[in-house]
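Below, each chain spelled out in residue letters.
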Amino acid sequence: MAGEPGNGNNRRKKRTAVLIFLVIAAFAVAGIFTYRAYSRTHITTDDAFISGRIHVVSSKIPGTVQTIHVEDNQFVRAGDLLLEIDDRDYDVRVRAAFSAVNSEKAKLAEIGTKIEVAQNQLSELRFRVETAKAQLRLQEANFRQAEADLKRAEALFAKDILPQEQFDKAKTGYAVAMAQVDSARKQLDQSEAATETQKALINQTESARQAQESEVRQQEEVLKAEELKKSYTKIFAPSDGYITRKSVETGNRVGEGQSLMAVVSLEDIWVTANYKETQLENVRPGQKVRIRVDSYPGKVFDGTVESIMAGTGSVFSLFPPENATGNYVKVVQRIPVKIRIDNNGRAAHVLRVGMSVVPTILTEDRS
């Protein structure tokens, strides 16, 4: 009978332990269900960072850096002068091209003068042709008159009415009239031939003018190209932003296409979140996002899913996977999601490109 109180205590302890275990199990099950419900509507990842537009500033021409107008991390506005390259060599080329254009234009003007003179000569030759035609008509009229006079003289001379002397004069007048007609006709032929020759000369000169006009245009294009190259000696900011990765100093020799610095805009920024492909079943553009930034503990930024990349990050890597060769090992891929950051709180908290963030997509909100 003495051991009965001890057995009662043991039973109570067992019941208490079982009760505590059941309570803990109930809390665990509730926690699991709560977490699963939360994780279905709150898609999060820590593989995310701030992205932005980085404008790489490079030289379009080779040359020597003459002046640098900015410093590292300096804020600039779009169109601000960043750097100047020594333009003396390019200035010489511009002047040479300008002289070549003027020289070709002078040749063009000379050809134009030749054409004008040739056209004036053509007008004069045409006038001569008309004069020769009129002269020929006059001589033909005189010839017809001399021919009629000769016929009458022959008739009268045959009847011994006309003296020999007058008959001889009639024959001489006829011969002179015939010779004058031949002379007038030859003069007309010469004038017409000279006119055609002058026309051919004008056509030839016109062709030369067209060729010279093409040469002028070509030299003008060369001048434009040289002026454009000279304009490249001044490099301006492509957008508002901060100077980063400045890798050039005054006096450096730079090459065409060489990167000199970068301009990073902190106005147009977004979050690139690399979610696992298994997390994106219910993610859609337009859903709200809560964004936590490591640099600002406790601060939550609002955002919106803007787009989902068309492929996984590995597909666009330098060496994309080649699953058809070797042994295949399945790996859960990550797909970049672009999240636009709202402007709330942005003024008091500067977000810089590359900052680590933790975005949480609220999939139940599909506004």
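Residues numbered from 1 in each chain as written. Predicted model: local features only at pLDDT ≥ 70, side-chain atom pairs only at ≥ 80, totals over all residues. Heavy atoms only, no water.

Enquirer: Give me the lowdown on the nonpolar core, citing residues and values where you can.
Expert: Val 271 and Ile 291 are the most contacted members of the largest nonpolar core, which totals 22 residues. Put simply, the parts of the chain that give this core at least two residues each are strand E2 (48–58), strand E9 (259–276), strand E10 (288–293), strand E11 (300–308), strand E12 (334–341) and strand E13 (357–362). If we ignore the near neighbours within four places in the chain, the residues touching Ile 291 are Val 271, Lys 299, Val 300, Phe 301, Asp 302, Gly 303, Ile 339, Ile 341, Val 357, Val 358 and Pro 359. Residues Val 57, Leu 83, Ile 243 and Leu 260 belong to the second largest nonpolar core, which totals 18 residues. (Core = buried A, V, L, I, M, F, W, Y, C linked by side-chain atoms within 4.5 Å. Buried < 20%, exposed > 50% of the residue type's maximum accessible area, 1.4 Å probe, protein only. Helix = DSSP H or I, 4+ residues; strand = E, 2+ residues; numbered from the N terminus. Contact = heavy atoms within 4.5 Å.)

Enquirer: Got a sec to walk through the pairing of E13? Specific residues and values, please.
Expert: Of all 6 residues that make up E13, 5 are buried, and the element is covered over most of its length. Taken together, the 3 bridges between strand E1 (residues 42–44) and E13 define a ladder with antiparallel strand orientation. Paired with Thr 44 across the two strands is Thr 360, which belongs to E13. Across 5 bridges, E10 lies against E13 in antiparallel orientation. Residue pairing across strands places Arg 290 opposite Thr 360, the latter belonging to E13. (Pairing = 2+ DSSP bridges.)

Enquirer: Mind laying out the side chain of Ser 191, listing which residues take part and the relevant values?
Expert: Note that Ser 191 resides in helix H3 (residues 164–231). What makes Ser 191 buried here is its relative accessible area of 7%. Residue contacts for Ser 191: discarding those within four places in its chain leaves Arg 128, Val 129 and Ala 132.

Enquirer: Tell me what's going on with helix H2 (residues 88–158), and back it up with residues and numbers.
Expert: Here H2 contains 71 residues, and its C-alpha end-to-end distance of 103 Å stays within 8% of the 105 Å for a straight helix at 1.5 Å per residue. Two residues or fewer past H2, Asp 160 is found with a positive phi of approximately 60 degrees. (Expected span 1.5 Å × (residues − 1).)

Enquirer: Got a sec to walk through the pairing of E12? Specific residues and values, please.
Expert: The side chains of a regular strand alternate between both faces of the sheet. Most of E12 is tucked away: 6 of the 8 residues are buried. The pairing of E11 with E12 spans 5 bridges and is classified as antiparallel. Residue pairing across strands places Ile 308 opposite Val 337, the latter belonging to E12.

Enquirer: Can you break down the packing of aromatic side chains residue by residue, with the values?
Expert: Tallying each qualifying case throughout the model produces 3 aromatic pairs. Judged by centre distance (5.2 Å) and plane angle (40 degrees), the rings of Phe 143 and Tyr 174 are tilted. Here Tyr 174 lies in helix H3 and Phe 143 lies in helix H2, a separation of 31 residues in the sequence. Given the relative accessible area of 17%, Phe 143 is considered buried. The lysine or arginine in question, Lys 299, covers the ring of Phe 301, its NZ or CZ lying 5.3 Å from the ring centre. (Phe/Tyr/Trp six-rings, centres within 6.5 Å; stacked < 30°, edge-to-face > 60°. Lys NZ or Arg CZ within 6 Å of the ring centre and 35° of its normal.)

Enquirer: Please provide a residue-by-residue account of the pattern of salt bridges, values included.
Expert: According to the stated counting rule, one finds 22 salt bridges in the structure shown. As a salt-bridge pair, Arg 88 and Asp 86 come within 2.6 Å of each other at their nearest N and O atoms. Under the relative-accessibility criterion, Arg 88 is labelled exposed at 58%. Each of Arg 53, Asp 268, Glu 306, Lys 338 and Arg 340 takes part in a single network of salt bridges with overlapping partners. (Salt bridge = Lys/Arg side-chain N within 4 Å of Asp/Glu carboxyl O.)

Enquirer: I'd love a proper account of the packing of H2 against H3, names of residues and values included.
Expert: H3 packs onto H2 with a crossing angle of 165 degrees between their chain directions and a minimal axis gap of 5 Å. Compared by their axis directions, H2 and H3 come out roughly antiparallel. By crossing handedness, the relation of H2 to H3 is classed as left-handed. Class assignment of the residues belonging to the contact of H2 with H3 gives a composition of 34 nonpolar, 16 polar and 26 charged. (Axes fitted to C-alpha atoms, helices over the stretch in contact; angles between N-to-C directions. Parallel < 35°, antiparallel > 145°, perpendicular 65-115°, else oblique. Left-handed = near helix turned anticlockwise from the far one by under 90°. Nonpolar A, V, L, I, M, F, W, Y, C, P; charged D, E, K, R; others polar.)

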